[in-house]
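Commentary on secondary and tertiary structure
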Amino acid sequence: MSLFAPENILPFDGAVFYLGPIFPFDEALSLFQQLFREIPWQADEAFIYGKHFITKRKVAWYANQSFPYTYSNTTKMARPWTPLLLQLKSKVEVYSGENFNACLLNLYHSGDEGMAWHSDDEPSLSASASIASLSLGAARKFAFKHKQSQQRIDILLEPGSLLLMKPPTQTFWQHRLPPSKKIHSPRINLTFRTMNE
């Protein structure tokens, strides 16, 4: 179960909890270095309005079984968990009070790389499950925008920190990682998810 009860940072139509750092700075740095070195990172791809894009941002997809995950009109097949990823999943599950069966990892080499507005609402994801986001490396601003009112909420994600997005957040809110010219160091983000089986 969750070790403490942070406040919901969303004013309505969802629940997002920032638990802060769950790893000390030195351990978070070591975890970043291990993942940077050990994960077989690949450039992400997207087909948008018939055009093929290859991103500078790199990704990796892991799960309990070889789940396919389709977004931006491309499909990834999950790799089996590594011992380190299982260790991180276990700790995230303790802090979040949730269980997860998959994880999408993102590697941003600098503040030049970000993520556009989107919701994690693909049909293959369980609509009744939370998404837990673990940040390692550079601190980055993270933004939420309500789909109807356009209200914005911004938060700084510190290294080693955990953010928990609960239903129905993905239904009513989008989120993004804004680019920043001021950030020159890399960041790894692990989003633990629950795929429909």
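So, here is what we can say about the structure in this document. (Residues numbered from 1 in each chain as written. Predicted model: local features only at pLDDT ≥ 70, side-chain atom pairs only at ≥ 80, totals over all residues. Heavy atoms only, no water.)

Things to note about the overall build of the protein
What counts is decided by this rule: Only runs of H or I of at least four residues qualify as helices and only runs of E of at least two qualify as strands under DSSP, and these elements are numbered from the N terminus. Our radius of gyration is a C-alpha quantity, and the globule rule it is checked against amounts to 2.2 Å times the number of residues to the power 0.38. For the exposure calls, accessible area comes from a 1.4 Å probe over protein chains only, and a residue counts as buried if that area is under 20% of its type's maximum, exposed if over 50%, partly exposed in between. Shrake-Rupley sampling with a 1.4 Å probe provides the accessible areas, and residues are treated as covered by the protein chains on show and by no other component. Charge counting follows a simple rule: Lys and Arg are positive, Asp and Glu are negative, and His as well as the terminal groups are ignored. To locate a charge, take NZ of a lysine, CZ of an arginine, CG of an aspartate or CD of a glutamate.
Assigned secondary structure in the protein consists of 3 helices and 14 strands. Its C-alpha radius of gyration of 16 Å places the protein within 12% of the 16 Å reference for a compact globule of 197 residues. Seen along its three principal axes, the alpha-carbon backbone of the protein occupies a region of about 45 × 40 × 40 Å. The 197 residues of the protein split such that 50% are buried. With an accessible surface of roughly 9,700 Å², the protein has 55% of that area assigned to carbon and sulfur atoms. Counting 20 positive and 17 negative side-chain charges, the protein places the centres of these two groups 7 Å from one another.

Quick word on the nonpolar core
Condition: The definition of a nonpolar core used throughout is a set of buried Ala, Val, Leu, Ile, Met, Phe, Trp, Tyr and Cys residues joined through side-chain atoms within 4.5 Å.
Counting residues in hydrophobic clusters, the biggest one holds 31 residues, and the most contacted among them are Leu35, Leu85, Leu88, Leu105, Leu134, Leu190 and Phe192. Among the secondary structure elements, those contributing two or more residues to this core are β1 (15–21), α1 (25–38), β3 (51–63), α2 (83–96), β7 (102–108), β9 (131–137), β12 (161–166) and β14 (187–193). Ranked by the residues each element gives to this core, the list is headed by α2, at 5 residues. Counting residues in each nonpolar core, the second largest holds 14 residues, with Tyr18, Ile131, Ile155 and Met165 among its members.

Brief notes about the environment of Lys58
Selection criterion: Contact definition: two residues touch when any of their heavy atoms are within 4.5 Å.
Within the secondary structure, Lys58 is located in strand β3. The spatial distance from the C-alpha of Lys58 to the C-alpha of Glu113 is 9.9 Å, given a sequence separation of 55 residues. For Lys58, the contacting residues outside a window of four places in its chain are Trp41, Gln42, Ala43, Asp44, Leu105, Asn106, Leu107 and His109.

A word on the pattern of salt bridges
Rules: Salt bridge, as applied in this entry: a Lys or Arg side-chain nitrogen positioned within 4 Å of an Asp or Glu carboxyl oxygen.
Under the defined criterion, the tally for this structure stands at 7 salt bridges. With its nearest N and O atoms 3.9 Å apart, the salt bridge here joins Asp121 to Lys147. Placement of Asp121 in the loop between β8 (115–118) and β9 and of Lys147 in the loop between β10 (140–146) and β11 (152–157) is noted, with a sequence separation of 26 residues between them. The class for Asp121 is partly exposed, based on a relative accessible area of 47%. Salt-bridge contacts for Asp154 lead to Arg152; the nearest nitrogen and oxygen are separated by 3.3 Å. The partly exposed category is assigned to Arg152, whose relative accessible area is 39%. Shared partners join several salt bridges into a network, and the residues in it are Lys141, Arg152 and Asp154.

Structural notes on unusual backbone geometry
Apart from glycine, the bulk of residues carry a negative phi angle, and the bulk of peptide bonds sit in the trans form. Residue Pro168 is bonded to the preceding Pro167 through a cis peptide linkage, with omega at 0°. For Asp13, which is not a glycine, the phi torsion comes out positive at approximately 60°. Examined against the element boundaries, Asp13 turns out to sit in the segment before β1. By relative accessible area, Asp13 is classed as partly exposed at 32%. Of note in this structure, Gln150 is not a glycine but carries a positive phi near 70°. For Gln150, the location among the structural elements is in the loop between β10 and β11. A relative accessible area of 42% means that Gln150 is categorised as partly exposed.

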